[in-house]
Amino acid sequence: MADVIVLGAGMIGVSTALALQARGRDVLLIDRKAPGRETSYGNGGLIHGEAAEPHPMPRDLSALWNIALRRDNNIHWTFDALPSQARALFDYWWHSQPARHMELSKTYHAITARSPADHRGLIEAAGASDIIRDKGYRNGFGSKDGFDRGRAAAQAVADRWGLKLRVLSGDELAAAEPALTRRYAGAIEWQDAISCTDPGALVQAYADLFARRGGTVEKSEISAIAPIGKGWRVHGSAGAHEAADLVLAAGPWTPRLIAPLGYRLRMVRKRGYHLHFKGGTSLDMIFADADRTGVLIPTRLGTRLLTGAQVVREGAAPNPVQLAKVEAQTREFIDLGRRVEAQPWHGDRPCMPDMLPVVGALSKHRGLWLNTGHGHQGFTLGPTTAELLADDMLTGQTAHPVLRPARLGL
Ligand SMILES: Cc1cc2nc3c(=O)[nH]c(=O)nc-3n(C[C@H](O)[C@H](O)[C@H](O)COP(=O)(O)OP(=O)(O)OC[C@H]3O[C@@H](n4cnc5c(N)ncnc54)[C@H](O)[C@@H]3O)c2cc1C
């Protein structure tokens, strides 16, 4: 019998298993798929050391109006999502007030700023340096006005949190990225981020490291979790297991797992889609055109084109309407080549209404822990919140008690 079961082998669960193992715990890591095949597979691969401020919900009326009318291709929604998402969206709107957002950003900055360093130790130990680039990303601006506004806004954020920003003229951008066919007024480059050319492979490499260090990874679909005498039993397709502690790191599926125990974890489900392209020209660095939607990511699998957010109910059928527009817009400034996959990938960012991950013990049950709700930056934050949770589990202390589920009444 293991000491701890970690349920979910995405970036969060695998990192948690490693952090607990490093503290001498005997850990069983369970997932229904191979490690890193869900949300942690299809993301942008950015390790966002620069993400000091989490993504707030737009609050000005014209932006909200454009979202309501589905004029903003960055954010899409469907009517069937509203019954399950309305309350979480209202809370998200409330927490996005400027003063509240700034308060939350202090914690967010503290955890994202250390994230590249927390990854680096694991990257080295896992032998995964070949899929890491010491490069952040760029935003390009087509007009001088847009560039002036974008640069001023970015500089304000950089000054507030001490971030490294490089400003490129249109000529400098053209020299750095000859693949861009549009003439830009300029670009900004965030230099505190690093990136990964194959996010799913990095999670797999961390899982392999965990296994090499003596940990066990089991493929099993867990159908129920239940308290037993002094611990927990999980029932799965590969059988039942018991342990003193159970960590739930099941990303967007976590609310469903704890609901039968009486916990209601409200998430905003922001779905994203991607497709890969090959045979066109390729970029040196992750790039977004600020006048269009979508993000371009050079990966080992081709150029990955990502959409913004689609607010969905859990399990909603794919509806990649944003992707078609993103692809058409992107072809205006780069030769993308041909589509690699017939169908786009999709995954739901597990976003908390207050934009902070949920890391710590659930109140009504002994030995039941959450590490979830990492929203837009879970690939970044895996090793960091894993360290925080492992400290809390072993010492009862954490550097950021505000992240505990207690803040949500859970
Ligand atoms: C389009 C897009 C772009 C993104 N870009 C970035 C980025 O550039 N940088 C960044 O930091 N973040 C990014 N993110 C966010 C990031 O991908 C997520 O926050 C992160 O992957 C969440 O990790 P996780 O381990 O919590 O969830 P997941 O990776 O989804 O892992 C959860 C695991 O739990 C397993 N599971 C669930 N239920 C069960 C069950 N009953 N039994 C067994 N196993 C179960 C699943 O199979 C899954 O493997 C992006 C997300 C999207 C969608």
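Bear in mind the structure is a predicted one, so any value in this text is a computation, not a measurement.

## What about the site of the ligand?
Point 1. With respect to spatial proximity, 35 residues lie near the ligand, and among them Asp31, Thr39, Ser40, Leu46 and Thr380 are the closest.
Point 2. In the environment of the ligand, an oxygen atom lies 3.4 Å from a nitrogen or oxygen atom belonging to the backbone of Gly45.
Point 3. Taking Gly375, its main chain carries an N or O atom lying 2.8 Å from an oxygen atom of the ligand.
Point 4. In isolation the ligand has 1,000 Å² of accessible area, and contact with the protein removes 98% of it.
Point 5. Residues that form the shell around the ligand fall into these classes: 13 nonpolar, 17 polar and five charged.
Point 6. Of the domains in this structure, domain 1 (1-56 + 99-133 + 194-264 + 354-410) and domain 2 (59-95 + 268-351) are the two that each give at least three residues to the shell around the ligand.

## Overview of the layout of surface pockets
Point 1. Within this model, the second largest pocket holds a volume of roughly 320 Å³.
Point 2. Taken together, 15 residues line the second largest pocket, and the ones lying closest to its centre are Ser84, Pro255, Arg264, Leu265 and Arg266.
Point 3. The element contributing the most residues to the lining of the second largest pocket is helix α3 (residues 82-95), with five residues.
Point 4. Tallied by class, the residues present in the lining of the second largest pocket amount to seven nonpolar, two polar and six charged.
Point 5. Both domain 1 (1-56 + 99-133 + 194-264 + 354-410) and domain 2 (59-95 + 268-351) contribute no fewer than three residues apiece to the lining of the second largest pocket.

## Regarding empty space enclosed by the protein
Point 1. Counting across every chain of the model gives one cavity of 30 Å³ or more.
Point 2. As for the largest cavity, its lining consists of 15 residues, of which Cys351, Met355, His374, Gly375 and His376 are closest to the centre.
Point 3. Looking at the lining of the largest cavity, its residues break down into eight nonpolar, six polar and one charged.
Point 4. Domain assignment of the residues forming the lining of the largest cavity places at least three in each of domain 1 (1-56 + 99-133 + 194-264 + 354-410) and domain 2 (59-95 + 268-351).

## Considering the domain arrangement of the chain
Point 1. By the assigned domains, the chain splits into domain 1 (1-56 + 99-133 + 194-264 + 354-410), domain 2 (59-95 + 268-351) and domain 3 (137-191).
Point 2. Computed over C-alpha atoms, the centres of domain 1 and domain 3 are 34 Å apart.
Point 3. Contact with domain 1, which involves ten residues of that partner, is made by six residues of domain 3.
Point 4. Of the roughly 680 Å² buried where domain 1 meets domain 3, counting both sides, 75% is carbon and sulfur surface.
Point 5. Contact with domain 3 buries surface across domain 1, with Glu50, Glu53 and His109 losing the most and accounting together for 59% of the total.
Point 6. Counting every contact that joins domain 1 to domain 3 gives one salt bridge.
Point 7. Glu53 is the partner of Arg160 in a salt bridge, and the nearest nitrogen-oxygen pair spans 2.9 Å.
Point 8. Connecting domain 1 to domain 3 are three residue pairs in polar contact (both at pLDDT 80 or more).
Point 9. Class assignment for the residues of the side of domain 1 that touches domain 3 results in three nonpolar, four polar and three charged.

## So, helix α8 (residues 199-212)
Given 3.6 residues per turn, any residue in an α-helix points the same way as the ones three and four places further on.
Point 1. In this model, α8 (14 residues) spans 20 Å end to end at C-alpha, consistent with the 20 Å of a helix rising 1.5 Å per residue.
Point 2. Just downstream of α8 lies Gly214, where phi reads positive at about 105 degrees.

## As for the sheet that holds strand β12 (residues 231-236)
Point 1. Across the sheet, three strands lie side by side as β11-β12-β13; this open sheet has antiparallel pairing. Of all the strands in the sheet, just β11 (222-228) and β13 (239-243) have a single pairing partner and so form its edges. In this sheet, adjacent strand axes meet at a mean angle of 20 degrees when their direction is disregarded.
Point 2. With six bridges connecting them, β11 and β12 associate as antiparallel partners.

## Here's the deal with the pattern of salt bridges
Point 1. Considering all chains together, one arrives at 34 salt bridges under this definition.
Point 2. Arg300 is the salt-bridge partner of Asp198, the closest N and O atoms lying 3.1 Å from each other. Taken together, the positions of Asp198 in the loop between β9 (194-196) and α8 and Arg300 in the loop between β17 (295-299) and β18 (302-306) put the pair 102 residues apart, joining distant regions of the chain.
Point 3. Looking at Asp198, the relative accessible area reads 9%, which means it is buried.
Point 4. Relative accessible area serves as the criterion here: at 48%, Arg300 is assigned to the partly exposed category.

Cut-offs used in this document
- Residues numbered from 1 in each chain as written.
- Predicted model: local features only at pLDDT ≥ 70, side-chain atom pairs only at ≥ 80, totals over all residues.
- Heavy atoms only, no water.
- Near = heavy atom within 4 Å.
- Polar contact = N/O pair within 3.5 Å; in protein donor to acceptor, adjacent residues only side chain to side chain.
- Areas by Shrake-Rupley, 256 points an atom, 1.4 Å probe, with all protein chains shown as cover.
- Nonpolar A, V, L, I, M, F, W, Y, C, P; charged D, E, K, R; others polar.
- Domains from an automatic or database assignment.
- 1 Å grid on protein atoms, 1.4 Å probe; cavity = no way out; pocket = protein on both sides within 12 Å on 5 of 7 lines; lining within 4 Å.
- Points joined across faces, edges and corners; volume = space filled by probe spheres on them.
- Helix = DSSP H or I, 4+ residues; strand = E, 2+ residues; numbered from the N terminus.
- Contact = heavy atoms within 4.5 Å.
- Buried area = accessible area lost by both parts, 1.4 Å probe.
- Salt bridge = Lys/Arg side-chain N within 4 Å of Asp/Glu carboxyl O.
- Expected span 1.5 Å × (residues − 1).
- Pairing = 2+ DSSP bridges.
- Axes fitted to C-alpha atoms, helices over the stretch in contact; angles between N-to-C directions.
- Buried < 20%, exposed > 50% of the residue type's maximum accessible area, 1.4 Å probe, protein only.

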